[in-house]
Amino acid sequence: MFFVLFPSAFTAAFSGVKYIAGQMGTGAQIEITSFVMTLIMLCAFTVVFGRFFCGFACAFGSLSDWVRAVYVWVSKKLKKKPVTLSAELTAALSQIKYLILLLILFLCFNGVYVRLKGCSPWDVFSMVHAGNFALGGYLVGVVLLILILCGMCVQERFFCRILCPMGAIFSLLPVFPYFVLRRDRENCIPGCAACTKKCPSDIGLPETGSIETRGECFMCQKCIGTCPKRNIHCGISGKQKGNEWWFTGIRVVILLLLYLWIGI
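Residues numbered from 1 in each chain as written. Predicted model: local features only at pLDDT ≥ 70, side-chain atom pairs only at ≥ 80, totals over all residues. Heavy atoms only, no water.

Let us now look at the overall build of the chain. Each helix and strand in the chain was counted, giving 14 helices and 2 strands. Projected onto the principal axes, the alpha-carbon positions of the chain cover approximately 55 × 45 × 30 Å. A burial count over the chain gives 46% of its 264 residues as buried. Of the contacts formed within the chain by residues at least 6 apart in sequence, a portion of 72% connects residues at least 24 apart. The average position of the 25 basic charges and that of the 12 acidic charges among the side chains of the chain differ by 8 Å. (Helix = DSSP H or I, 4+ residues; strand = E, 2+ residues; numbered from the N terminus. Buried < 20%, exposed > 50% of the residue type's maximum accessible area, 1.4 Å probe, protein only. Contact = heavy atoms within 4.5 Å. Lys, Arg positive; Asp, Glu negative; His and termini not counted. Charge placed at Lys NZ, Arg CZ, Asp CG, Glu CD.)

Structure representation (structure tokens):
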């Protein structure tokens, strides 16, 4: 639903980041534009609910899930083992998104980024999603998008984990501990690591009672769906078990209302 109706949320939020950096570079006043409001809204939402936007509402995240699923399906049909990057390599590569964020901020601050039209893969994605295939002058962006799609094949959430500059911002934000995912470790099957194996970020879950939050958690809730003992729940209550669909629905509605309020 978010992919179809609100594909530009990621681009709008990051346009706010670029706008702020550009205004700071020129010494101009920073105004509360629609892009800045989108950025503020998504950051505030992330502080409260964690990276729910990344897990459920980001068009690039949805695209990554679908590309990986199609690649795995084709590999199985061809009786080939899908290529997957190792967890260690992916963890090392995940630092690249912070470098990309710093590079873009530097270019915007110095007024260079505006002269690099046609180099952004997410701009190309937005155009194609809108049915605009007039991509003349966007050769670099097209090539980068194709390379990203190839990366999505060999690693779940490739763009989100390794390249996403907005994800770099989200991962650095503090998150209230009340709504993050927890697991009742004492009820786990000995030796079971299904939740970590299913996690697209290869991270473990905090235990009940812990105030630890994980910036790399996309709140995709795949761990909930794979837990054979239904031990995983949101931090709002240790009594809620399994897939808390009602709480997922509440966050969806809140995000939709924010989108409509801002006019994304």
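What follows is about the pattern of salt bridges. For the structure on display, the rule yields 5 salt bridges. The closest approach of N and O atoms between Glu216 and Lys97, which form a salt bridge, is 3.2 Å. In this pair, Glu216 sits in the loop between helix H12 (194–198) and helix H13 (222–226) while Lys97 sits in helix H7 (residues 96–109), placing the two residues 119 residues apart along the sequence. Across the salt bridge formed by Asp202 and Arg161, the nearest N and O atoms sit 2.8 Å from each other. Taken together, the residues Asp202 in the loop between H12 and H13 and Arg161 in helix H10 (residues 158–163) connect sequence positions 41 residues apart. For Asp202, a relative accessible area of 33% puts it in the partly exposed group. Given a relative accessible area of 4%, Arg161 falls into the buried group. Beyond isolated ion pairs, a larger network of salt bridges with shared partners links Asp65, Glu156, Arg157 and Lys222. (Salt bridge = Lys/Arg side-chain N within 4 Å of Asp/Glu carboxyl O.)

Attention now moves to the side chain of Arg251. Structurally, Arg251 can be placed in helix H14 (residues 245–262). A relative accessible area of 0% means that Arg251 is categorised as buried. Dropping the residues within four chain positions of it, Arg251 is found in contact with Phe45, Phe49, Phe52, Phe179, Met219, Gln221 and Cys234.

Most peptide bonds are trans, and most residues other than glycine sit at a negative phi. Even without a glycine there, the phi angle at Lys79 is positive, about 60°. Topologically, Lys79 is positioned in the loop between helix H5 (59–77) and helix H6 (87–93). Since its relative accessible area comes to 78%, Lys79 is described here as exposed. Positioned with a positive phi, Arg230 is a non-glycine residue whose angle comes to about 55°. Position of Arg230 among the secondary structure elements: in the loop between H13 and strand E2 (232–234).

Here the focus is the side chain of Ser15. With respect to the element layout, Ser15 can be found in helix H2 (residues 9–26). Classification of Ser15 as buried rests on a relative accessible area of 15%.

This part covers the environment of Ile203. Its location among the elements puts Ile203 in the loop between H12 and H13. Along the chain, Ile203 and Cys217 lie 14 residues apart, while their C-alpha atoms are 7.5 Å from each other. With residues near it in sequence (within four places) discarded, Ile203 still touches Thr196, Arg214, Glu216 and Cys217.

This next bit is on the packing of aromatic side chains. Under the defined criterion, the tally for this structure stands at 18 aromatic pairs. An angle of 70° between the planes, with centres 4.7 Å apart, marks the rings of Phe3 and Trp66 as edge-to-face. With a gap of 63 residues between them, Phe3 in helix H1 (residues 2–5) and Trp66 in helix H5 connect regions that are remote in the sequence. Looking at Trp66, the relative accessible area reads 47%, which means it is partly exposed. Measuring from ring centre to ring centre gives 5.0 Å for Phe45 and Phe49, while their planes differ by 50°; the resulting arrangement is tilted. Taken together, the positions of Phe45 and Phe49, both in helix H3 (residues 34–49) and 4 residues apart, correspond to about one turn of that helix. Through successive ring pairs, a cluster of aromatic residues spans Phe3, Phe10, Phe14, Phe60, Trp66, Trp122, Phe125 and Phe159. Taking NZ or CZ as reference, Arg157 lies 5.3 Å from the ring centre of Phe218, over its face. (Phe/Tyr/Trp six-rings, centres within 6.5 Å; stacked < 30°, edge-to-face > 60°. Lys NZ or Arg CZ within 6 Å of the ring centre and 35° of its normal.)

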